[in-house]
Amino acid sequence: MSADEQKRAAGEAAGELVQAGMTVGLGTGSTAAWFVRALAARKLDVRCVSTSTATADLASVLGLKLLELDQAMSIDLTVDGADEVGPGLSLIKGGGAALLREKLVWEASRRCVVIADAAKVVTTLGRFRLPIEVVAFGHRTTALRICDALAECDIGVAPAIRVRDGAPVVTDNGNYIYDASCGAIGDPALLADALKSVTGVVEHGLFLDLADEALIGTDKGVERLTP
């Protein structure tokens, strides 16, 4: 199976987890999009909370009912992709620049399922550049403080601002994204705490102790992982 076929298999398997009457969190990215399509195809009576404008647009086109997180308050099930799936279902997310809304939706959910292709499963987090969302005002000075936080965790790299078409990528929240090429993150919890303490950092892409289950598309079908 190709990577895209694995993503589709994982997304469709996750679609079968949804039951009528649920409030469902919709992730962002190419794998999550397969879940959104699979969910819409089932034509269940569900309410959905999107983690990005892009996902909301797709869900609307497919006829899914959308509401804001503050309207839902709690979510029965959220399904979302990941850029890396590490030990204990520790994750790196944010490649689609939706990490803040994703984490807000995840933390409001009773159950979170991550879906991915087999290449996303790693033994140590950090090969994928770690996204860090920052306030646009004074972002270069924030980047210096991020360097200090990374150094405290023995990661000697400088984060780079994410650019598209010659301009900084702006998130749905009006913030910027910096990416840190960590290589290997020996202590994800320590790094998560260090980054959260930096003034100007809104959120980071380490999702720790949040995923309840992973559905991984492989050449042999969909594999289920638990923490």
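Preceding this section is the structure that the text describes.
Residues numbered from 1 in each chain as written. Predicted model: local features only at pLDDT ≥ 70, side-chain atom pairs only at ≥ 80, totals over all residues. Heavy atoms only, no water.

Draft legend 1. How the structure looks around the pairing of strand E7 (residues 112–117). Along E7, six of the six residues are buried, which leaves the element largely enclosed by surrounding structure. Along E7, one buried face is formed by Cys 112, Val 114 and Ala 116 and the opposite face, lined by Val 113, Ile 115 and Asp 117, is buried too. Of the strand pairs in this sheet, strand E4 (residues 77–81) and E7 are connected by four bridges, and their pairing is parallel. Opposite Asp 80, over in E7, you have Val 114 as the bridge partner. In terms of strand pairing, E7 meets strand E15 (residues 213–218) through five bridges, oriented parallel. Across the sheet, Ile 115 pairs through a bridge with Leu 215, a residue of E15. (Buried < 20%, exposed > 50% of the residue type's maximum accessible area, 1.4 Å probe, protein only. Helix = DSSP H or I, 4+ residues; strand = E, 2+ residues; numbered from the N terminus. Pairing = 2+ DSSP bridges.)

Draft legend 2. Up close: the nonpolar core. One finds Leu 130, Ile 132, Ile 146, Cys 182, Ile 185, Leu 191 and Leu 206 to be the most contacted residues of the largest nonpolar core, which totals 24 residues. At the level of secondary structure, the elements contributing two or more residues to this core comprise strand E8 (130–134), helix H6 (139–152), strand E12 (176–180) and helix H7 (188–196). Excluding its chain neighbours within four sequence positions, the residues that come into contact with Ile 185 are Ile 92, Thr 124, Leu 125, Gly 126, Ile 155, Leu 191 and Leu 206. Judged by nonpolar contacts, the second largest core, of 19 residues, contains Ala 14, Met 22, Val 36 and Leu 64. (Core = buried A, V, L, I, M, F, W, Y, C linked by side-chain atoms within 4.5 Å. Contact = heavy atoms within 4.5 Å.)

Draft legend 3. Fine view of the packing of helix H1 (residues 3–15) against helix H2 (residues 30–42). Here H1 crosses H2 at 45°, and the two axes come no closer than 7 Å. In terms of orientation, H1 and H2 fall into the oblique class. The way H1 lies across H2 gives a crossing that is right-handed. For the pair formed by H1 and H2, the contact residues are Asp 4, Lys 7, Arg 8, Gly 11, Glu 12, Ala 14 and Gly 15 on the first element and Ser 30, Thr 31, Trp 34, Phe 35, Ala 38 and Arg 42 on the second. Among the residues forming the contact of H1 with H2, the class breakdown is four nonpolar, four polar and five charged. (Axes fitted to C-alpha atoms, helices over the stretch in contact; angles between N-to-C directions. Parallel < 35°, antiparallel > 145°, perpendicular 65-115°, else oblique. Left-handed = near helix turned anticlockwise from the far one by under 90°. Nonpolar A, V, L, I, M, F, W, Y, C, P; charged D, E, K, R; others polar.)

Draft legend 4. Geometry of the side chain of Glu 133. You can see Glu 133 is positioned in strand E8. Among the polar contacts made by the side chain of Glu 133, one reaches the side chain of Asn 175 at a distance of 2.9 Å. Aside from chain neighbours lying at most four places away, what touches Glu 133 is Leu 99, Leu 100, Thr 171, Asn 173, Asn 175, Tyr 176, Ile 177, Gly 200, Val 201, Val 202 and Glu 203. (Polar contact = N/O pair within 3.5 Å; in protein donor to acceptor, adjacent residues only side chain to side chain.)

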